[in-house]
Amino acid sequence: MRAILNTRLLLWKRQKGMLLFWMLLPIILTFSIIMLISTTQGNAKIPVGIVLQEQTDYTDRLLKELSNTSSLQVEIMTEEEALHQLEIHKLDSAFIIKEGYTEKILKGSRNRLITGIRSDLSFGYIPVSEAIQAIIQQDTGRIKAAFTVQQLSKEYDSPSIWTMNEIVEKSKEIEKQENLLQTSFSFTRTKASSGENKSSLVNPWGIWAIFSFLSTLLLFDWLIKEKNSSIYKRFTFTKYSFKMYAIQNSIIYLSLFLLFDFISISLFTIFLNQPTSLTFIISLVMLRLTLIMAAFTLALSFKNVYLYYVFSFTLSLIMAITSGSIVPLDRLPEKISVISSLHPLQPFLHNKIGFFWFILLSVIVMFWYGRKGKFDANY
Amino acid sequence: MLTIDSLSKSYGKKQILNNISLSIEKGEIIGLVGENGAGKSTLIQLLATIDKPTSGSIILGESNYARHKKEIRKQIGFVPQELALWEEFTVKENMLFFEKLSWIRKSTGELKQLCLDMSLDKWDEPVHTLSGGMKRKLNLAISLIHDPPLLLLDEPTVGIDLKSRKEIGNYLQLQAKEHGKIVIYISHDMDEITSLCDRVVCIGEDPFYEEILAKTGTELIVF
Ligand SMILES: Nc1ncnc2c1ncn2[C@@H]1O[C@H](COP(=O)(O)OP(=O)(O)O)[C@@H](O)[C@H]1O
Ligand SMILES: [Mg+2]
């Protein structure tokens, strides 16, 4: 390994600038795009209309939570008004809080509490409906807990000390205390965890993954260049076969990529408040291994390096579109389940460990390694 | 000693080499001549283990090519017909790069000396700025980093100046006579062949080569 590392260092010495540029590109572009989005998002919030068919403490609470969401501009209006504004694209989407909302919450029913209406250019429909679902879930959960407590005291025939309302209030109080605790713990790192719901429309790791995909492919052009160069035939008379040379070099590139991956994790955790867990790190390492093997097998199958560049850009663009992390295609991958199960970036974007491409590519690489080479007389 | 025994090679139905037998002693320089397409490069490639004969055997020292390919390769210095080096590297970087990949370790001083031995003194200059003769010398020097006892050269001096040609010739002569290496050498330059080689092998009967070599008294073997 040391010998090969030394040969690679000689080559890197001539390509320092390019190497550093492509290694840093995913980090720099992720930060730029996130910054761009958060400034435009700050100026132009997503307009969302709310139609109230009844007004109680519960609907007030829902409204308050939505108004606190930084990316949304919430307006209360009548149903006709909402439909009209949707038609002329003044609203992104509208949500009708139907009559009987409070009653259904109190019964613990979560069905058909709200009707969502969206324009065909809707951007905020999914984050808003997700936020609403979360609030409703919280409320019905509380009611359920209160109901259970009452039920229990009935069963054990003890005199009911608390009314339903008291229990709900108590649970809110406890929650508040817990929230306070959480805030004081996370005070130094983030303001977002308390009060303001920072529902971000883009996942930084999604952007990062796509540019990493591109930079990994492009940085593996060495394999095409060296395989096609005149020095290739010298490997018949060296200690290392070209295959061994290529594999060891890929491991060297893997190490360098991992170094920059850990730099990315650190920067994203510190500056973008991205949570990190062991599963996430494993998922990222698996993604990296998969990317390296993909670049390796692709580079091996190309003769013309410029064709390979064009192919790499095209493939990255396809990845970007189908992953939904840069172009929000309204959850395309989830609708078309084949894409979602075969998309090489999907496991990583959902904090899972992807095996499909990893195993497939490992088999291809092992098959290639076992095969006889071109400049290798077969006695 | 290199022993070639009833060696034949065909590509499909086309027979290129027919029943070649030859014994070469340590310290001998053998010239390979013949028309274009006669099969000179084919024979060199068989001797370099890059290609496999249709029939016949090759034995280097005690080792049979068919059984000890890996061991044989360590003993071969193969100089390809085209330049096989990093154009953007300096001479030094080229030598260091291939030394790392080589079976044996050599110090930077030893590598530099190897270049100086064939009058390649542009140690720190990028290869793409060098003359054709200098590049040919480096092409040869890289192939000799691991001190191989068998040197196989496919037109190593094609298209270069007379001075470089002479310097390469002198170096090969020194390697054969002082260090007992076997040198097998393809060239179209009859002056070079006659002055350098102990014996000449002509692939294919060719009255032209036979006449010239008869005049100079060089021993000629025709296949
Ligand atoms: N891999 C191959 N497949 C088929 N024919 C080949 C191959 N390599 C060389 N030949 C043929 O063998 C003949 C000898 O080629 P070569 O050894 O390169 O000749 P020389 O070096 O003497 O000019 C040529 O006719 C060439 O076309
Ligand atoms: Mg030839």
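Our subject is the structure listed above.
Rules of the game
- Residues numbered from 1 in each chain as written.
- Chains lettered and ligands numbered in written order.
- Predicted model: local features only at pLDDT ≥ 70, side-chain atom pairs only at ≥ 80, totals over all residues.
- Heavy atoms only, no water.
- Helix = DSSP H or I, 4+ residues; strand = E, 2+ residues; numbered from the N terminus.
- Rg over C-alpha atoms; globule rule 2.2 N^0.38 Å.
- Buried < 20%, exposed > 50% of the residue type's maximum accessible area, 1.4 Å probe, protein only.
- Contact = heavy atoms within 4.5 Å.
- Areas by Shrake-Rupley, 256 points an atom, 1.4 Å probe, with all protein chains shown as cover.
- Axes fitted to C-alpha atoms, helices over the stretch in contact; angles between N-to-C directions.
- Parallel < 35°, antiparallel > 145°, perpendicular 65-115°, else oblique.
- Left-handed = near helix turned anticlockwise from the far one by under 90°.
- Near = heavy atom within 4 Å.
- Polar contact = N/O pair within 3.5 Å; in protein donor to acceptor, adjacent residues only side chain to side chain.
- Nonpolar A, V, L, I, M, F, W, Y, C, P; charged D, E, K, R; others polar.
- Buried area = accessible area lost by both parts, 1.4 Å probe.
- Salt bridge = Lys/Arg side-chain N within 4 Å of Asp/Glu carboxyl O.
- Core = buried A, V, L, I, M, F, W, Y, C linked by side-chain atoms within 4.5 Å.
- Pairing = 2+ DSSP bridges.
- Arc of directions from axis to C-beta.

Caption draft 1: Expanded view of the overall build of chain B. Across its full length, chain B carries 8 helices and 10 strands. Taken against the 2.2 N^0.38 rule, which gives 17 Å for 223 residues, the C-alpha radius of gyration of chain B at 17 Å falls within 12% of a compact globule. Along the first, second and third principal axes, the C-alpha set of chain B runs to 45 × 40 × 35 Å. Burial analysis of chain B (223 residues in total) assigns 55% to the buried set. The long-range fraction of contacts in chain B, counting pairs at least 24 apart against all pairs at least 6 apart in sequence, stands at 66%. Carbon and sulfur atoms form 48% of the exposed surface of chain B, whose accessible area is close to 9600 Å².

Caption draft 2: Fine view of the packing of helix α7 (residues 204-219) of chain A against helix α9 (residues 242-272) of chain A. Residue and element names in this part refer to chain A. Where α7 contacts α9, the two axes come as close as 12 Å, and the packing angle between them is 160 degrees. By the angle between their directions, the pair α7 and α9 is classed as roughly antiparallel. For the pair α7 and α9, the sense of crossing is right-handed. Of the residues in α9, those in contact with Pro 204, Trp 205, Trp 208, Ser 215, Thr 216 and Leu 219 of α7 are Tyr 253, Phe 257, Asp 261, Ser 264, Ile 265, Phe 268 and Leu 272.

Caption draft 3: Representation of the site of ligand 1. All names here are of chain B. Residues in close proximity to ligand 1 include Tyr 11, Lys 14, Ile 16, Glu 35, Asn 36, Gly 37, Ala 38, Gly 39, Lys 40, Ser 41 and Thr 42, which together make up its full environment. For ligand 1, an oxygen atom lies 2.7 Å from a polar atom in the backbone of Gly 37. In this structure, Ser 41 approaches ligand 1 through a side-chain N or O atom, which is 2.8 Å from an oxygen atom. Notes on ligand 1: free accessible area 560 Å², of which the protein chains cover 60%. Elements that contribute at least two residues to the shell around ligand 1 include exactly β2 (14-24) and α1 (40-47). In terms of residue count, the dominant contributor to the shell around ligand 1 is α1 (3 residues). Per-class residue counts for the shell around ligand 1 are 3 nonpolar, 5 polar and 3 charged.

Caption draft 4: Structural detail: the packing of helix α5 (residues 132-143) of chain B against helix α6 (residues 162-179) of chain B. All names here are of chain B. Remark: α5 packs on α6, axes separated minimally by 9 Å, with the N-to-C direction vectors making an angle of 20 degrees. Relative to α6, the element α5 lies roughly parallel. α5 and α6 meet at a crossing whose hand is right-handed. Between α5, through Gly 133, Arg 136, Lys 137 and Leu 140, and α6, the contact on the second element is made entirely by Ser 164, Glu 167, Ile 168, Tyr 171 and Leu 172. Residues that form the contact of α5 with α6 fall into these classes: 4 nonpolar, 2 polar and 3 charged.

Caption draft 5: View of the interface of chain A and chain B. In this assembly, 26 residues from chain A lie in contact with 34 residues from chain B. Where chain A abuts chain B, roughly 2800 Å² becomes buried across the two surfaces, and 66% of that area is made up of carbon and sulfur atoms. Across the contact surface, chain A and chain B share 3 salt bridges. When the shortest N-O distance is used, the salt bridge between Lys 13 of chain A and Glu 93 of chain B registers 3.0 Å. At the junction of chain A with chain B, the criterion picks out 9 residue pairs in polar contact (both at pLDDT 80 or more). Per element, the largest residue contribution to the side of chain A that touches chain B is 8 residues, and it comes from helix α1 (residues 2-43) of chain A. Its residues assigned to classes, the side of chain A that touches chain B shows 12 nonpolar, 6 polar and 8 charged.

Caption draft 6: The nonpolar core, seen in detail. Counting 111 residues, the largest nonpolar core has Trp 208, Phe 220, Tyr 308 and Phe 348 of chain A together with Met 95, Phe 97 and Leu 140 of chain B as the members making the most contacts within it. Broken down by element, this core gets its largest block of residues, 13 residues, from α9 of chain A. Aside from chain neighbours lying at most four places away, what touches Leu 140 of chain B is Val 79, Met 118, Leu 153, Ile 168, Tyr 171 and Leu 172 of chain B. Counting residues in hydrophobic clusters, the runner-up holds 32 residues, among them Phe 237 of chain A together with Ile 20, Leu 43 and Leu 46 of chain B.

Caption draft 7: Expanded view of the pairing of strand β3 (residues 93-97) of chain A. Residue and element names in this part refer to chain A. Counting buried residues along β3, 5 of its 5 residues qualify, which places the element largely inside the surrounding structure. Burial of the side chains of β3 extends over both faces: Ser 93, Phe 95 and Ile 97 are buried on one face and Ala 94 and Ile 96 on the other. Pairing between strand β1 (residues 46-52) and β3: 5 bridges, direction parallel. Counterpart to Ile 50 in the pairing with β3 is Phe 95.

Caption draft 8: Layout of the side chain of Thr 30 of chain A. Residue and element names in this part refer to chain A. Summarising the element assignment, Thr 30 is placed in helix α1. In this structure Thr 30 comes out as buried when scored by relative accessible area, which is 0%. The residues touching Thr 30, leaving out its near neighbours within four places in the chain, are Pro 204, Ile 207, Trp 208 and Phe 268.

Caption draft 9: Focus on helix α3 (residues 79-87) of chain A. All names here are of chain A. Along α3, the positions that sit buried rather than exposed are Ala 82, Gln 85 and Leu 86. Looking straight down α3, one finds its buried side chains confined to an arc of 105 degrees; they lie on one side. Along α3, exposed side chains directed more than 90 degrees from the buried face belong to Glu 80 and Glu 87. In this structure, the buried side of α3 is in contact with β1, β3 and β4 (114-118).

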